[in-house]
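Inside the fold
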Amino acid sequence: MSGPVTAPAPSPDAEQAADERLLRTSPLRRLLGRPELGSVVGAFAVFVFFAFAADSFLRAGSLSTVLYAASTIGIMAVPVALLMIGGEFDLSAGVLVTSSALVSSMFSYQMTANVWVGVGVSLLATLAIGAFNGVMLTRTRLPSFIITLGTFLMLTGLNLGFTKLISGTVSTKSISDMEGFDSARALFASTFTLGGVDFKITIVWWLLLVAAATWILLRTRAGNWIFAVGGNKDAARAVGVPVTATKIGLYLGVAFGAWVSGQHLLFSFDAVQSGEGVGNELIYIIAAVIGGCLITGGYGSAVGSAVGALIFGMTSKGIVFAEWDPDWFKFFLGAMLLLATLLNAWVRKRAEATA
């Protein structure tokens, strides 16, 4: 009878291969793989540039102004970034902000109710429009560009038409003397002091949305679904990802951001111009792209969109502090978009090469 069979000793090459599989990804590789890396580099460059170009840029009050400008864009850039990661666009996001403010203002004024009633009705109406975009997209299978372009045009007309019909002018009536106005302003448009510097409450809203979106993307099953449907929705559907629900949920997220921004617009000025918001949707998309989101979907981060909004804030206010002609702002914004896109593409290629 032959003796017991012993397994051959593993070769050095096999041991090395096994060890390589157990190696953790280096910090450098993880850093290169972050979508927001390019935007962080760009933000640092913009900060240094205006620190030298504008003497007042580094003052505490100036930085507070920069953060406020960034937050008004960032509140919308965060959900727009999630939507882009999911592979879709929303061209109605800019006018949806105005629609949210108009519904809240006109309902409160016409119904002579507490302004919080108008705020609640505005939330329901805004979410309904977001759901409409999502349902139309998933039912018709038309490109989101076409769906939301149609919504953009309809809302633009409704904003102007209803405001003129109800108020007789292109702006809403003042609601500053109505019950609940002060408490609503405290939540959506107040100012708080920290270290002797005044900051707008929108900065807090912005940071909370960034934190919530980052948690959703990186720590929840829904985050995996968002990346999956943005990368390949057919493959995602094949493995059980609820593609329809995910896309509708992303449009609801954009609607919620529009509601927050709309209430800030209303309670900052207590009246709303019906033509506001047109063109802002492009700024939200630009902030998301500068922050590392791909036009094709499946890649990006909420933090990156926040950095993109910060770059927008630094540039828009830095030009003012440097006492330059503000007409140059759009030129700088376009240049940043191209440079950030090229830098993000280079960073991603480097990350894939070192993976």
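Preceding this paragraph is the structure being described.
Residues numbered from 1 in each chain as written. Predicted model: local features only at pLDDT ≥ 70, side-chain atom pairs only at ≥ 80, totals over all residues. Heavy atoms only, no water.

Comments concerning the side chain of His-264
Convention followed: Runs of E in the DSSP output that reach at least two residues are strands. Runs of H or I that reach at least four are helices, and both are numbered from the N terminus. Here, residues are in contact when the closest pair of their heavy atoms is within 4.5 Å.
Among the secondary structure elements, His-264 is positioned in helix H11 (residues 243–269). Setting aside residues no more than four positions away along its own chain, His-264 makes contact with Tyr-68, Thr-72, Phe-188, Ala-189 and Thr-202.

Observations regarding the nonpolar core
Rule in force here: Put simply, buried Ala, Val, Leu, Ile, Met, Phe, Trp, Tyr and Cys residues joined by side-chain atoms within 4.5 Å make one nonpolar core. Exposed residues in this analysis have more than 50% of their type's maximum accessible area, buried residues have under 20%, and partly exposed residues fall in between, with area computed by a 1.4 Å probe over protein chains only.
Formed by 80 residues in total, the largest nonpolar core has its most connected members in Met-84, Trp-206, Phe-267 and Ile-311. Of all the elements, helix H4 (residues 60–85) adds the most residues to this core, at 13 residues. Beyond its immediate sequence surroundings of up to four residues, Ile-311 is in contact with Ser-39, Gly-42, Ala-43, Val-46, Ile-290 and Met-336.

Things to note about the pairing of strand E2 (residues 197–200)
Stated formally: Strand pairing requires that DSSP identify at least two bridges connecting the strands.
Side-chain alternation along E2 places Val-197 and Phe-199 on a buried face and Asp-198 and Lys-200 on a face that remains uncovered. Linking strand E1 (residues 191–194) back to E2 in an antiparallel pair, the connection comprises 2 residues, with Gly-195 at a positive phi of about 65 degrees.

Examining the pattern of salt bridges
Our working rule: One side-chain nitrogen of Lys or Arg within 4 Å of one carboxyl oxygen of Asp or Glu is enough to make a salt bridge.
Scanning all chains against the criterion turns up 2 salt bridges. Between Asp-234 and Arg-237 there is a salt bridge; the shortest N-O distance is 3.6 Å. On the criterion of helical spacing, the pair formed by Asp-234 and Arg-237 is a turn pair, its members being 3 residues apart in helix H10 (residues 221–238). On the basis of relative accessibility, which here comes to 36%, the residue Arg-237 falls in the partly exposed class.

Side note on unusual backbone geometry
Most peptide bonds take the trans form, and the phi angle of most residues other than glycine is negative. Even without a glycine there, the phi angle at Asp-270 is positive, about 60 degrees. Locating Asp-270 in the fold gives a position in the loop between H11 and helix H12 (280–290). Look at Asp-270 and you get buried, because its relative accessible area is 16%. Residues other than glycine seldom take positive phi values, yet Glu-323 does so here, at roughly 60 degrees. Assignment of secondary structure puts Glu-323 in the loop between helix H13 (302–321) and helix H14 (329–354).

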